[in-house]
Structure formats: C-alpha cells, structure tokens
Amino acid sequence: MVKEKAYYENINIDNELKLRHQIAKLPAFCKQFFIGIEPTTASRTRIAYAYDLGCFFDYLHDNNPICKKLEIREIPITLLDQLTPMDIEEYLYYLKLYEKDGEVHTNDERGIKRKLASLRTFYNYFFKNELIDTNPAVKVDMPKIHEKAIIRLDVDEVARLLDEVESGESLSGRQQKYHEKTRIRDLALLTLMLGTGIRVSECVGLDLGDVDFKNNGIKVHRKGGAEVIVYFGDEVASALADYMLQRKELVPAEGHTNALFLSMQNRRITVRAVENLVKKYSGLVTSLKKITPHKLRSTYGTSLYRETGDIYLVADVLGHKDVNTTRKHYAAIEDDRRREAAKHVHLRED
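Residues numbered from 1 in each chain as written. Predicted model: local features only at pLDDT ≥ 70, side-chain atom pairs only at ≥ 80, totals over all residues. Heavy atoms only, no water.

Some points on the packing of helix H3 (residues 43-63) against helix H7 (residues 109-128)
Piece 1. The N-to-C vectors of H3 and H7 enclose an angle of 95°; their axes lie 9 Å apart at closest approach. Judged on the interaxial angle alone, H7 and H3 are roughly perpendicular. Residues Ala-48, Tyr-49, Asp-52, Leu-53, Cys-55, Phe-56 and Phe-57 of H3 form the contact with H7, whose participating residues are Arg-114, Lys-115, Ser-118, Leu-119, Thr-121 and Phe-122.
Piece 2. Class assignment of the residues belonging to the contact of H3 with H7 gives a composition of eight nonpolar, two polar and three charged. (Axes fitted to C-alpha atoms, helices over the stretch in contact; angles between N-to-C directions. Helix = DSSP H or I, 4+ residues; strand = E, 2+ residues; numbered from the N terminus. Parallel < 35°, antiparallel > 145°, perpendicular 65-115°, else oblique. Contact = heavy atoms within 4.5 Å. Nonpolar A, V, L, I, M, F, W, Y, C, P; charged D, E, K, R; others polar.)

Take a look at the structure:
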C-alpha cells in the first residue's frame, strides 16, 4: 500500500512542476538562478519570481532592439549588463497599464513593487556570483506604498458570524439543505481559524493526527517549511471535538484518508471552498466588509494584541518572521491605545 503524502508535500510537487514549466519559457541562463535560490525560498515564492521574470523578458522581447531579434530562450546573460536603471524605470512605467494577447493588464503600486523586488533578487544573485558586472535594479527606488485600512470583524460581528454558522437561519432554502450536512464542520473550521489565526492553507492542510486534545494544540506546517504547535482555547476544542465525532463516520475518498476537514465529496477541502464558505456566512453578518479567510486571521491578531499588548507574542503566534510586518498590520490599535491616554490626563480640576 502506497503511503499517503502529506498535503504540503503534494503542494510542493505541484509547485515544482509549475515552476519547471515556467522556467522553460525563460532565457536559458535563468535556470541557474532558481537552482541557486532553492535552499532559501519556498516553492510558491519561486513560482512568483518565475511569473515576474516572464513578464520582464516578454517586455524586453517586445521593446528592446536586441531582444526583438532573438527568441526569449536565446537572450544571453550579457544583456543584463547592458540595461540601465532608466531601462528598468521604463519597464515599471509600462507595468501600470499594458496590453498582452488582446487583454489589458494593470498593476497597482504593490504589484509594481513586487516585480521590482523580484528583479532585484534576480540581479543580486548574478552580481553576487560575479556573472555580471553591473546591478542597475538596486539603483531604482521602490515605489511608495499607500497603506490600506485593515479590515477585520468586530467582537459582536464574530459572535453573530458563529451564530449564523450554527443556526443557518438566514441562509436560502437551497443553502439550508447543504447546511444540515456541513454545519458541524463549518462551525469547527471557522471557530478554529478565528481562535488560532492560522492561514487558510494551514487549515486545509491539517491531518487528523495533527490535533492534540490533551494539550489543546494543532501541528501546523508554516510557510517556508517550519512545523509549529499552535494552541487553542476551550471554545475551539469543543467545536473540534463535535466535528471529530462526525468525521469518524465519514468514509474519505482514496488519497484523502488523513485529511481533517473533508468536502461534501469526502476529499480534502480546498482553499477555494473555505474562501467561498467564509464569503457565504460573513455576507449574512456584514454587507460593508469584504471578509476573507485572511480577514479572520487579522481579527484574531487584533483580539490577541488588544488583550495582551504584546506585539512579539502576536508575531510569534501568527508566524510572522519579522515583527515589523505585525506592527504594520496592527498600527491602528496603537492609535486606539494612544487615544485612551488622552482620557487619563487632566489639566484642571473639574
């Protein structure tokens, strides 16, 4: 009997196949870059680099006089030394709005920043290994990012969301038929995400053996490959225990025996399916906020920070490698705390 692969192992295999397909479209010398960064990057990161570089070389092929004469695969590494910072700035300007294969594409400041970051990493690799003499990408300024408001559920909205999942009263007649079969699973899934702040990919990747009721913990496979134990409270434990009773009665499809959360087809539930159920239930609670699984993660982080005031604890539990990432997301709460300070200082007696 073939041993069932873990979810993240299958994801890595799929990503590697996608990556090799993308590399085959790039100049031949690019392959060395992906081999070189493999030990220090996640498979999803390398795919993102491959797509970004594909966009860059497509642009060069269409707009650079030298590249126009060559197939993309034939573009030599020496071209990197011939490009100037102004060439790269023109490329970034092009990215704001361009047409490809009859379809119009746009990039906001975040998209442009990511593509420049990919290009910098690409150039840095070859410059560091002395395969090129210049590094024009490092001389191009990163675009300024205008921060967006962090959307999260308020305390009362969290309670109403879970109430809706439990009752299903506001669902349509057709939805209620499915709800009878998925209510316990959906409640466990959303309670777990709201009560631990784990990513949706981490949630769907959970196996039965990853849940430890003795210590109220789950083993999570983080981005980048690390395995950590994330602990949960009694509300999460209760919802998971109820689901476990139902899960024991289900017969998983072949290859999905170990999966914790199963779909209606008894296969491991997908990220898209979780996104859809979050959208379905949250739409019953708030029409003004577009709630996604990541917003549930933000909701947890907000609650934890408000209760503890410990940004390092929040960063650790959420799996942020850089505490500044966490600080950026929860700066608004710092403002709330500063507003509170104003109430405690009185200049004159009443």
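A short note on the packing of aromatic side chains
Piece 1. One pass over the full model with this rule turns up 17 aromatic pairs.
Piece 2. Here Tyr-59 and Tyr-91 contribute two aromatic rings whose centre-to-centre distance is 5.2 Å and whose plane-to-plane angle is 50°, an arrangement assigned as tilted. On the criterion of sequence distance, the pair formed by Tyr-59 in helix H3 and Tyr-91 in helix H6 (residues 85-95) is long-range, its members being 32 residues apart. No difference in accessibility class separates Tyr-59 from Tyr-91, as the two residues are buried.
Piece 3. On the numbers, 5.2 Å between centres and 80° between planes, the contact of Tyr-125 with Phe-126 is edge-to-face. Comparing Tyr-125 with Phe-126, the two get one shared label, buried. (Phe/Tyr/Trp six-rings, centres within 6.5 Å; stacked < 30°, edge-to-face > 60°. Buried < 20%, exposed > 50% of the residue type's maximum accessible area, 1.4 Å probe, protein only.)

Here we look at unusual backbone geometry
Piece 1. Phi at Glu-130 takes a positive value of approximately 60°, unusual for a residue other than glycine.
Piece 2. Counting through the fold element by element, Glu-130 comes out in the loop between H7 and helix H8 (155-167).

Description of the pairing of strand S5 (residues 227-231)
Piece 1. Pairing analysis gives five bridges linking strand S4 (residues 217-221) to S5, with the strands arranged antiparallel. Bridged to Val-220 within S5 is Val-228.
Piece 2. Adjacent in sequence and paired antiparallel, S4 and S5 are bridged by five residues, among which Gly-224 carries a positive phi angle near 95°. (Pairing = 2+ DSSP bridges.)

Observations regarding the sheet that holds S4
Piece 1. An order of S3-S4-S5 is seen for the three strands of this open sheet, with the pairing classed as antiparallel. Each edge of the open sheet is held by one strand with a lone partner, namely strand S3 (211-212) and S5.

Structural notes on the side chain of Thr-196
Piece 1. Inspection of the secondary structure assignment puts Thr-196 in helix H9 (residues 173-196).
Piece 2. With relative accessibility at 0%, the residue Thr-196 sits in the buried group.
Piece 3. When neighbours within four sequence positions are excluded, Thr-196 is seen to be in contact with Val-230, Tyr-231, Phe-232, Tyr-300 and Val-317.

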